[in-house]
Amino acid sequence: MIAAHHHVVDGARLQTDQQLEADVVIVGTGAGGGVAAELLARSGLRVIMLETGPLQVARDFDMQEQRAYNRLYAEGGNLTTADYSIALLRGRAVGGGTTVNWTTSLRTPVQTVEYWVDRFGLPEVAEEKIAPWFDWAERRFNIKPWEVAPNANNEVLKTGCEKLGLEWAVIPRNVKGCADLGYCGMGCPLGAKQSMLVTTIPSALEYGASLYARTRAWKLEIRHGNVEALIAQALDEQSINPTGVNIRIRAKHYLLAGGAIQSPALLMRSGAPDPYRVLGKRSFLHPVNTSLARMPMAVDAFFGAPQSIYSDHYQWPDGAEGPAGFKLEVPPIHPGLAAGILGWHGEKLAGEMKELPRINALLALQRDGFDKQSPGGVVELQSDERGVLDYPLNEHLWDGVRRAWHAMAEIQFAAGAQAVMPGHLDAGFATSLAGVSAQIDRLPLEPYKAALFSAHLMGGCGMGANPRESVIAASGRHHQLENLTVVDGSVFPTSVGANPQLSIFAQAARMTTGLAREMQPGALADLP
Amino acid sequence: MRLAAAVRQRYFDRMRPRNRQEDWQESRSFDPQRRRFLGGLAGAAWLAGTGGVVSGCSSSNVLRVPLAAVEADLLRVLAPSVLHGLLPIQPNERTDSLNELLSAVSTSVSSLSGDSREQLARLLAALDYRVTRWLLTGLWKPLAEASIEEIDEFLNNWRNSSIGRFNLAYRTLTRLLVNNWFVLPAHFAQAGYPGPPSWAVELNVLRDV
Ligand SMILES: Cc1cc2nc3c(=O)[nH]c(=O)nc-3n(C[C@H](O)[C@H](O)[C@H](O)COP(=O)(O)OP(=O)(O)OC[C@H]3O[C@@H](n4cnc5c(N)ncnc54)[C@H](O)[C@@H]3O)c2cc1C
Ligand code: SF4
């Protein structure tokens, strides 16, 4: 746990400009940054962590949506892609996404790994090479298949799959002493979730690292293929506007872990070399569409471990390439978010909300970035120099969305649903599979009509052997900048095809260990 | 009324978002215009020569005020339609809950960065200025003078429109109000939600970290 003797600075409180020095400065404290901080600090290196969001700990996690979104999510939970067509959930506090994520901890699918090896020339991440890093991360974050019975919301997915003979599996979770509360998305009030906030960050601080919260890395000073300094801005209480106080940090090595969108944006703002114009391209989201079911019994999807069952039955229809594949999962359902997603108002909304305890929702996570019809989105800088993701929707994706609505409705009816409704403004609850199928076939596949969202931001600083189509090498090192490494979700050359945190833990540990051993020979002897 | 309908239809047509094929082609070179709120709605504000003037806040000071008074007033006027069947009937209770709602909205708006804040300001400004309001809603009179049914009608038109920008305006505006309504504990019961388990709440209050 973060303790009084740790060196933690709140940017909002800083009154004067600062000049700092370190061996390594880490931008961002999420899945990638958290793992890196602990390993580097443990190696005896002087580490400074920078985090845009505030430091919020278990006691602050009051299980209220209102406080959680405003404090812990980018844009108070209102972030979207450039044309507003996909809602983006992104954690923005110490611990990044791991502070608010739903604890699903899956390894990178073999199909994905093989595709990266073949297509992007990455033998370093082949199945047998990466497996020890997964073993390490699973031990470090206590990741185990969830032993408690799934909550009724997850049970719908399981039952439906069983009835239809579709494959399904139990989700491993990164928890210790979890009371099956169901508030992972608002910050775990028990400290049971093994997020960076309660594991690697306190550990890095114990090894002497410093943490600057409400402090945003703004620009890198780059000269002759080398980063010479990092300029960070202290931010106000809301972690939005700079207070005017700046922090200049000189380090031997610069580690980017601000997450997809943010890491590419920082490089762009800094005018980092990008000779082949690949920076920020190939950004992926696992775009999600939803299907709602009215069940005969109470589902109470606000309670219980949010995700404990998944199905990959439709994930690899034609191997890695070809038509879109999707993973099926369920979300936790709390009133605020649910009301916003339903897309109704007035008496219709009032009537449907009354039924919320009987609502089950399924999610389809579309696996983007594999087929050539699925190039993903592009990170660009807005006029205020902040990053925004332009993610055009295309036929390849819409085809997956439509097939997923059919598949989800079938599962929900098989599990006993009384009525099913695809998440689309023109849809309504239909009481038979035939009824909903007819509806799905007719629904216009248009942005804003279809409710789409994502909590998985990936890519934009993709790794690969060829600098013409990648930003970093397999080591995590930037192709053109000597002393800069990227270790977050932006490094993936396609989407992962599974919830990304464990893939990020493993890649960040692999890359950071390489760097630590370079800077401090003999370091981290106990790691693979 | 028929004239209004015809003009609005022309206006809607101009606002029709580019089709997917075009978007697709353009994905390589980013067009900053795509980020401009509701393209057409912003255009409407411009047409009226108002942008921020009407809302009482130009883009340079939007950041400092969570919700300008005129914006809060507009949302207060829209709320009885958006939350019809949820807001208390009794006048005092109704005023209290509207106040509570507006304060939640204000908090949530304060966590928006400049760009998102500006887009919201533009939408509200377009609803405030007469010409743009008429184009968007068919109503000449100020929304404060419109009935719950009239507001409900244009919301439904936005919702059911085949023009993406209107669907987006619908989602943006209703979401702001309904989300902030249902995050308030006083309204959990309307969603059959008991709230967080009391043992966990009590335990958490006792924690020292
Ligand atoms: C609600 C939700 C539920 C999720 N559920 C799951 C799940 O169950 N399983 C799973 O595997 N994944 C889940 N995810 C996704 C997962 O949490 C993310 O993929 C993961 O955290 C990404 O790690 P990262 O290191 O790339 O970046 P992040 O974890 O996003 O961390 C980046 C951090 O860097 C900070 N930052 C950014 N730019 C700067 C800057 N310039 N200066 C300083 N700091 C900066 C950000 O504020 C942020 O805190 C979920 C995400 C959300 C939001
Ligand atoms: S379900 Fe478990 S991990 Fe999630 S918030 Fe509850 S106790 Fe914490």
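Residues numbered from 1 in each chain as written. Chains lettered and ligands numbered in written order. Predicted model: local features only at pLDDT ≥ 70, side-chain atom pairs only at ≥ 80, totals over all residues. Heavy atoms only, no water.

Participant: Explain the overall build of chain A to me, using residue names and the numbers behind them.
Facilitator: A count of helices and strands for chain A gives 13 helices and 22 strands. Taken over the C-alpha trace, chain A has a radius of gyration of 22 Å; the compact-globule value for 528 residues is 24 Å, and the two agree within 12%. The burial tally for chain A puts 67% of its 528 residues in the buried class. For chain A, restricting intrachain contacts to residue pairs at least 6 apart in sequence, the fraction spanning at least 24 positions comes to 76%. Of the accessible surface of chain A, which amounts to about 16,800 Å², a share of 49% is contributed by carbon and sulfur atoms. The averaged location of the 54 negative side-chain charges in chain A is 3 Å from the averaged location of its 46 positive side-chain charges. (Helix = DSSP H or I, 4+ residues; strand = E, 2+ residues; numbered from the N terminus. Rg over C-alpha atoms; globule rule 2.2 N^0.38 Å. Buried < 20%, exposed > 50% of the residue type's maximum accessible area, 1.4 Å probe, protein only. Contact = heavy atoms within 4.5 Å. Areas by Shrake-Rupley, 256 points an atom, 1.4 Å probe, with all protein chains shown as cover. Lys, Arg positive; Asp, Glu negative; His and termini not counted. Charge placed at Lys NZ, Arg CZ, Asp CG, Glu CD.)

Participant: Help me get a handle on the overall build of chain B, residues and values and all.
Facilitator: Broken down by element type, chain B carries 10 helices and 0 strands. Mapped from its N terminus to its C terminus, chain B presents α and β elements in the order α-α-α-α-α-α-α-α-α-α. Here chain B holds 209 residues, and 53% of them are scored as buried. Considering only residue pairs separated by 6 or more positions, chain B has 68% of its internal contacts joining residues 24 or more positions apart. Total accessible area on chain B is roughly 9,700 Å²; 54% of this is exposed by carbon and sulfur atoms.

Participant: Run through the site of ligand 2, naming residues and quoting values.
Facilitator: Around ligand 2 sit Arg173, Val175, Cys178, Ala179, Leu181, Gly182, Tyr183, Cys184, Cys188, Pro189, Leu190 and Lys193 of chain A, and those are all the residues in its vicinity. Counted by class, the shell around ligand 2 contains 9 nonpolar, 1 polar and 2 charged residues. (Near = heavy atom within 4 Å. Nonpolar A, V, L, I, M, F, W, Y, C, P; charged D, E, K, R; others polar.)

Participant: Before we move on, could you go through the nonpolar core and cite the residues and values that matter?
Facilitator: Generally speaking, soluble globular proteins have nonpolar side chains that are buried together. Among the nonpolar cores identified, the biggest contains 220 residues, and Leu75 and Trp158 of chain B are the most heavily contacted of them. With 10 residues, helix α11 (residues 395-414) of chain A is the largest single contributor of residues to this core. Leave out the neighbours within four places in its chain, and Trp158 of chain B touches Leu123, Leu127, Leu136, Thr137, Phe166, Asn167, Ala169, Tyr170 and Leu173 of chain B. (Core = buried A, V, L, I, M, F, W, Y, C linked by side-chain atoms within 4.5 Å.)

Participant: Can you tell me about unusual backbone geometry, naming the residues and giving the values?
Facilitator: Residues and elements named next belong to chain A. Of note in this structure, Met63 is not a glycine but carries a positive phi near 65°. Relative to the assigned elements, Met63 resides in the loop between β3 (47-50) and α2 (65-72). On the basis of relative accessibility, which here comes to 2%, the residue Met63 falls in the buried class.

Participant: For the pattern of salt bridges, give the residues involved together with the corresponding values.
Facilitator: Residue and element names in this part refer to chain A. Applying the stated criterion across every chain yields a total of 27 salt bridges over all chains. One salt bridge connects Glu75 with Arg386, and the closest N-O pair in it is separated by 3.8 Å. Of this pair, Glu75 sits in the loop between α2 and β4 (87-88) while Arg386 sits in the loop between β17 (378-381) and β18 (387-390), placing them 311 residues apart in sequence. The burial state of Glu75 is the same as that of Arg386; both residues are buried. Residues Glu221 and Arg248 are paired through a salt bridge, measuring 2.6 Å at the closest nitrogen-oxygen approach. One end of the pair, Glu221, is in strand β9 (residues 215-223); the other, Arg248, is in strand β11 (residues 242-256), and 27 residues separate them in sequence. We classify Arg248 as partly exposed; its relative accessible area is 25%. Each member of the salt-bridge network shares a partner with another, and the members are Asp10, Arg13, Arg214 and Glu237. (Salt bridge = Lys/Arg side-chain N within 4 Å of Asp/Glu carboxyl O.)

Participant: Which residues make up the pairing of β11 of chain A, and what values go with them?
Facilitator: Residue and element names in this part refer to chain A. In terms of strand pairing, strand β2 (residues 18-27) meets β11 through 9 bridges, oriented parallel. Note that in β11 the partner of Ile26 across the bridge is Leu255. Pairing of strand β10 (residues 226-235) with β11, which is carried by 5 bridges, proceeds in the antiparallel orientation. Following the sheet pairing, Ala232 is matched in β11 by Ile247. Counting the residues between successive antiparallel strands, the hairpin from β10 to β11 contains 6 residues, one of them, Ser239, with a positive phi of roughly 60°. By the bridge criterion, 3 bridges tie β11 to strand β22 (residues 484-486) in an arrangement that is parallel. In the sheet register, Leu255 faces β22, and the bridge partner there is Thr485. (Pairing = 2+ DSSP bridges.)

Participant: How would you explain the environment of Ala364 of chain A if you had to name every residue and give the values?
Facilitator: Residue and element names in this part refer to chain A. With respect to the helices and strands, Ala364 occurs in strand β16 (residues 359-366). C-alpha of Ala364 to C-alpha of Arg46: the two residues are 318 residues apart in sequence and 43 Å apart in space. Once residues lying within four places of it in the same chain are set aside, the contact partners of Ala364 are Pro287, Val288, Asn289, Phe326, Lys327, Leu328, Ala404 and Met408.

Participant: Account for the interface of chain A and chain B, with residues named and values stated.
Facilitator: On the side of chain B, 62 residues touch chain A, which itself brings 68 residues to the contact. Here chain A meets chain B over a buried area of about 5,900 Å², counting both sides, of which 56% is carbon and sulfur. When the buried area of chain A at its contact with chain B is split by residue, Tyr84, His345 and Tyr448 of chain A rank highest and sum to 13% of it. Taken together, the connections running from chain A to chain B amount to 17 residue pairs in polar contact (both at pLDDT 80 or more). Residues of the side of chain A that touches chain B, tallied by class, amount to 36 nonpolar, 19 polar and 13 charged. (Buried area = accessible area lost by both parts, 1.4 Å probe. Polar contact = N/O pair within 3.5 Å; in protein donor to acceptor, adjacent residues only side chain to side chain.)

Participant: A description of the site of ligand 1 should follow, citing residues and the corresponding values.
Facilitator: Residues and elements named next belong to chain A. What surrounds ligand 1 is a group of 39 residues, the closest being Glu51, Thr104, Ala217, Gly489 and Gln501. Gly97 is positioned with one of its backbone polar atoms (N or O) 2.9 Å from an oxygen atom of ligand 1. In the environment of ligand 1, a nitrogen atom lies 3.0 Å from a nitrogen or oxygen atom belonging to the backbone of Trp102. When residues of the shell around ligand 1 are traced back to their parent elements, those giving at least two are α1 (31-42), α3 (97-100), β9 and α13 (501-519). Tallied by class, the residues present in the shell around ligand 1 amount to 13 nonpolar, 21 polar and 5 charged.

Participant: Break down a negative patch on the surface for me, with residues and values.
Facilitator: All names here are of chain A. A cluster of acidic residues, Glu114, Asp118, Glu127 and Glu128, forms a negative patch on the protein surface. Only α4 (110-120) and α5 (127-140) provide two or more residues apiece to the negative patch. Residue Asp118 is classed as exposed on the basis of its relative accessible area, which comes to 66%. (Patch = residues over 30% accessible without salt bridge, like charges linked within 9 Å, V, L, I, M, F, W, Y side chains within 5 Å.)

Participant: Report on the confidence of the model for chain B, specifying residues and quantitative values.
Facilitator: Residue and element names in this part refer to chain B. Per-residue confidence for chain B gives a mean pLDDT of 77; residues scoring 70 or more make up 68%. Overall, residues 10-63 carries pLDDT values under 50, and its contacts beyond four positions in sequence, including any with other chains, amount to 101 contacts. Interface confidence for the predicted complex, given as ipTM, is 0.95, next to a pTM of 0.93. (pLDDT = per-residue confidence, 0-100.)

Participant: I'd like a description of the environment of Tyr276 of chain A, backed by residues and values.
Facilitator: All names here are of chain A. Its place among the elements puts Tyr276 in the loop between α8 (262-269) and β12 (283-284). With 194 residues separating them in the primary sequence, Tyr276 and Ser470 have C-alpha atoms 8.7 Å apart. Residues within four places of Tyr276 in sequence aside, it is in contact with Pro467, Arg468 and Gln480.

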